Amino acid sequence: MTSTPAILILGPSALACARRIQACYPQAEIHGLRSRVEDVEQPYDDFGDTLRGLYRRNVPIIALCAAGIVIRSLATVLGEKGGEPPVLAVAEDGSAVVPLLGGLGGVNRMAREIASHLQVSAAITTSGELRFGTCLLEPPAGYVLADLEQGKGFVSDLLGGETVRIEGDAPWLEQANLPVDNQAERVIHISPNRRVARADELLIHPCQVAAWIEQPGPALLDDLRQALHSAALAEQSLACLLAAPEWMANADLQSAATQLNVPLRFIDDSRQLPPLHSQHATLRLLLASAPLDANQLGRPRGRLTVIGLGPGAAEFMVPAARQALDEAQDLLGYETYINMAGPLRPDQVRHCTDNREEMQRARHAFELAASGRRVVVVSSGDPGVFAMAAAVLEALHGADEVEWQRVELQIFPGVSAALATAAKAGAPLGHDFCLISLSDNLKPWSIIETRLEHAAAADLVMAFYNPISKARPWQLGRALEILRQQRTPETLVVLGRDIGRPGETLRTLTLGELTPAMVDMRTLVIVGSSQTCRFPRAEGGDWVYTPRSYPQS
Ligand code: SAH
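Read on for an overview of the structure. (Residues numbered from 1 in each chain as written. Predicted model: local features only at pLDDT ≥ 70, side-chain atom pairs only at ≥ 80, totals over all residues. Heavy atoms only, no water.)

As for the overall build of the protein chain
Within the protein chain, the regular secondary structure consists of 16 helices and 28 strands. C-alpha atoms of the protein chain, sized along the principal axes, occupy 95 × 60 × 45 Å. Excluding contacts between residues fewer than 6 apart, the proportion of contacts in the protein chain whose partners are at least 24 apart in sequence is 63%. Roughly 26400 Å² of accessible area belongs to the protein chain as shown, and the carbon and sulfur atoms make up 50% of that amount. Here the protein chain contributes 49 positive and 63 negative side-chain charges, whose respective centroids are spaced 3 Å apart. (Helix = DSSP H or I, 4+ residues; strand = E, 2+ residues; numbered from the N terminus. Contact = heavy atoms within 4.5 Å. Areas by Shrake-Rupley, 256 points an atom, 1.4 Å probe, with all protein chains shown as cover. Lys, Arg positive; Asp, Glu negative; His and termini not counted. Charge placed at Lys NZ, Arg CZ, Asp CG, Glu CD.)

Digging into the sheet that holds strand E27 (residues 533-536)
Across the sheet, which stays open at both edges, the three strands sit in the order E21-E28-E27 with mixed pairing between neighbours. A single partner strand is all that each edge strand has here, and the edge strands are strand E21 (426-427) and E27. Sheet topology note: the E27/strand E28 (residues 542-545) ladder contains four bridges and is antiparallel. Bridge pairing links proline 536 to aspartate 542 in E28. (Pairing = 2+ DSSP bridges.)

Some words on the site of the ligand
Among the 20 residues in the neighbourhood of the ligand, the closest are listed as Val385, Ser416, Ala417, Met521 and Thr523. Between asparagine 466 and the ligand, the recorded distance is 3.3 Å, taken from a side-chain N or O atom to an oxygen atom. In isolation the ligand exposes 540 Å². Once the protein is present, 93% of that is buried. Split by residue class, the shell around the ligand holds 10 nonpolar, six polar and four charged. The residue makeup of the shell around the ligand includes at least three contributed by each of domain 4 (303-411) and domain 5 (417-545). (Near = heavy atom within 4 Å. Polar contact = N/O pair within 3.5 Å; in protein donor to acceptor, adjacent residues only side chain to side chain. Nonpolar A, V, L, I, M, F, W, Y, C, P; charged D, E, K, R; others polar. Domains from an automatic or database assignment.)

Points about the nonpolar core
Nonpolar side chains tend to gather and get buried jointly when the protein is soluble and globular. Ile213, Leu224, Leu238, Leu241, Leu242, Leu253 and Leu285 are the most contacted members of the largest nonpolar core, which has 38 residues in total. Residue assignment for this core shows that the elements contributing at least two residues are strand E11 (209-213), helix H7 (220-230), strand E12 (238-243), helix H8 (251-260), strand E13 (264-266) and strand E15 (283-287). For this core, the element with the highest residue contribution is E12, accounting for six residues. Leave out the neighbours within four places in its chain, and leucine 238 touches Val209, Ala210, Ala211, Leu228, Leu260 and Val262. Ala18, Ile62, Leu64 and Met110 belong to the second largest nonpolar core, which has 25 residues in total. (Core = buried A, V, L, I, M, F, W, Y, C linked by side-chain atoms within 4.5 Å. Buried < 20%, exposed > 50% of the residue type's maximum accessible area, 1.4 Å probe, protein only.)

Examining the side chain of histidine 189
Along the chain, the position of histidine 189 falls in strand E9 (residues 186-190). Judged by relative accessible area, histidine 189 falls into the buried class, the value being 10%. Residue contacts for histidine 189: discarding those within four places in its chain leaves Glu167, Arg195, Glu201, Leu202, Leu203 and Ile204.

What to know about empty space enclosed by the protein
Under the definition given, this model contains one cavity of 30 Å³ or more. Taken as a whole, the largest cavity encloses approximately 30 Å³ of empty space. Lining the largest cavity are Pro245, Met248, Arg299, Ala370, Glu403 and Arg406. Residues of the lining of the largest cavity, tallied by class, amount to three nonpolar, no polar and three charged. (1 Å grid on protein atoms, 1.4 Å probe; cavity = no way out; pocket = protein on both sides within 12 Å on 5 of 7 lines; lining within 4 Å. Points joined across faces, edges and corners; volume = space filled by probe spheres on them.)

Focus on the environment of alanine 170
Its place among the elements puts alanine 170 in the loop between strand E8 (164-167) and E9. When its relative accessible area of 8% is taken as the criterion, alanine 170 is described as buried. In this structure, the C-alpha to C-alpha distance between alanine 170 and leucine 442, residues 272 residues apart in sequence, is 64 Å.

Some details on the side chain of glutamate 449
Topologically, glutamate 449 is positioned in helix H15 (residues 445-457). Given a relative accessible area of 16%, glutamate 449 falls into the buried group. Among all residues touching glutamate 449, those that are not within four sequence positions of it are Arg478 and Ile482.

Digging into a negative patch on the surface
Negative charge collects at one region of the surface, where Glu367, Asp400, Glu401 and Glu403 lie side by side. Positionally, glutamate 367 belongs in helix H11 (residues 358-370). (Patch = residues over 30% accessible without salt bridge, like charges linked within 9 Å, V, L, I, M, F, W, Y side chains within 5 Å. Salt bridge = Lys/Arg side-chain N within 4 Å of Asp/Glu carboxyl O.)

What to know about the sheet that holds strand E14 (residues 276-279)
Reading across from one edge, E13-E12-E11-E15-E14 is the order of the five strands in this open sheet, with mixed pairing throughout. Among the strands making up the open sheet, the edge pair consists of E13 and E14. Strand-to-strand, the axes of this sheet are offset by a mean angle of 25°, without reference to chain direction. Inspection of the sheet shows E12 paired to E13 by three bridges, in the parallel sense. Looking at the pairing, alanine 243 lines up with phenylalanine 266 of E13. (Axes fitted to C-alpha atoms, helices over the stretch in contact; angles between N-to-C directions.)

Looking at the packing of aromatic side chains
Inspection of every chain in the model, using the stated rule, returns seven aromatic pairs. Judged by centre distance (4.5 Å) and plane angle (50°), the ring pair of tyrosine 143 and tryptophan 172 falls under tilted. Residue tyrosine 143 is found in strand E7 (residues 143-145), and its partner tryptophan 172 is found in the loop between E8 and E9; the two are separated by 29 residues along the sequence. Assigned by exposure class, tyrosine 143 and tryptophan 172 land together as buried. Note that arginine 537 overlies the ring of tryptophan 543, its terminal NZ or CZ placed 3.8 Å from the centroid. (Phe/Tyr/Trp six-rings, centres within 6.5 Å; stacked < 30°, edge-to-face > 60°. Lys NZ or Arg CZ within 6 Å of the ring centre and 35° of its normal.)

The values reported here are purely geometric and, on their own, carry no functional implication.
This is the structure we're talking about:
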């Protein structure tokens, strides 16, 4: 199954054709160069970066520009291992459709779909495909080729003039243009059974076997292989593992599914199961009459991923967080952060909430994930620093709902505001430091004062989050009074505002100069230690750092 493609255009002249192609893939979004095209779903600044980003994320690409531009832009990433998405170049007037990459990912099929919609012919260059009208090495979803290398030889033989018979049920080959001859020596054999492919045979396994796991244990993978073996079924015919929901968090079950690279689904009512093929000690093998679509069986284990976006700029988000966002079905978070989490697809559900409703949001996230959905909770910076990760764990800790405990919970780190601000300024956190939220919404102000006194006495560098707000106007001034009792007016201070976001500002000054009016909710305040120092940088401004070593007293 091919995932939703991205349609890339460079200028307004390609927009009409891009919209026509969108009719073939209603979920696909158009990415357009920001400086030249308006009214596209996904504006971008750099064509090459955008193209390579999509390629790396395995997103099928339809680029409405010269094939050469696409080839040049992707050249540096072509050697990277991993899957290869379909990549097509389409003439911006729709007169030519050229499949470039992703032969085994369905590029020719996409080229034909687009070409037929644009009423032109696709520039198919794959010889087997040209001749037979189908790629024998890429059977449709639900079928797996037993051996790719052997398959290549088989296709060459057919191109060389050999004829072929079909044994078994291959509905997609009925339309193909194969040199069929019922007396042929070469045979395309479709069967769920385990067998060693003969040299003159193309063996394709339909995924019509499911394994119902009654009792997972450490030996599950071996048991499964053994069961398939003794039932004479090919491992590649396995479509999915099935189990009762009580096993959802079972690690042996997860690991067997991962090793076998099959989906894991949970079924409440075993009457929904396909017919029994054979019974084994801890599992049952089930055999359907046609390939099984695991998505139609029961439900998956839900997943809740708590991520941090980093300070703002996309390049400072960790790739695992980006991937979680791309895979999410539901997103929860403060509206500003959900907007920062783009590009998102129209099918992804955004649950925007007020910044203060953290516990409610955490519970809502568990409810969605418990129903089998892939859910992402979005924080800025790092999710564990004055953000959603702790709220999510608080909601889970002691929760009565057994379904919540079964959810796959992941927490992915991000670049916190203190780290992002520090890096902009130099290395003010180069020695011991502490992070303090000046908000007294969730803790008494007296605790904050005590901590400030001790941190100041310990000569720690401090980073202040939530330094001031309309509802908390005086607290920062009071905090500065406490600091000034133990730090000199020359102590360096860094103010980072909207770091990594549009309009970012960075300012270096001294504790003596700092007034609360210079600071707002979007500012991160770093107060240096007695050792923090600065020197001019060539571009103007200063480098600020705290040396790694502390003088012996
Ligand atoms: N989880 C976030 C912090 C949330 S608390 C993180 O790890 O960064 C919110 C506070 O973080 C704000 O009041 C501000 O002090 C700081 N902050 C968050 N993003 C910022 C940014 N891009 N620039 C400067 N300060 C930021």
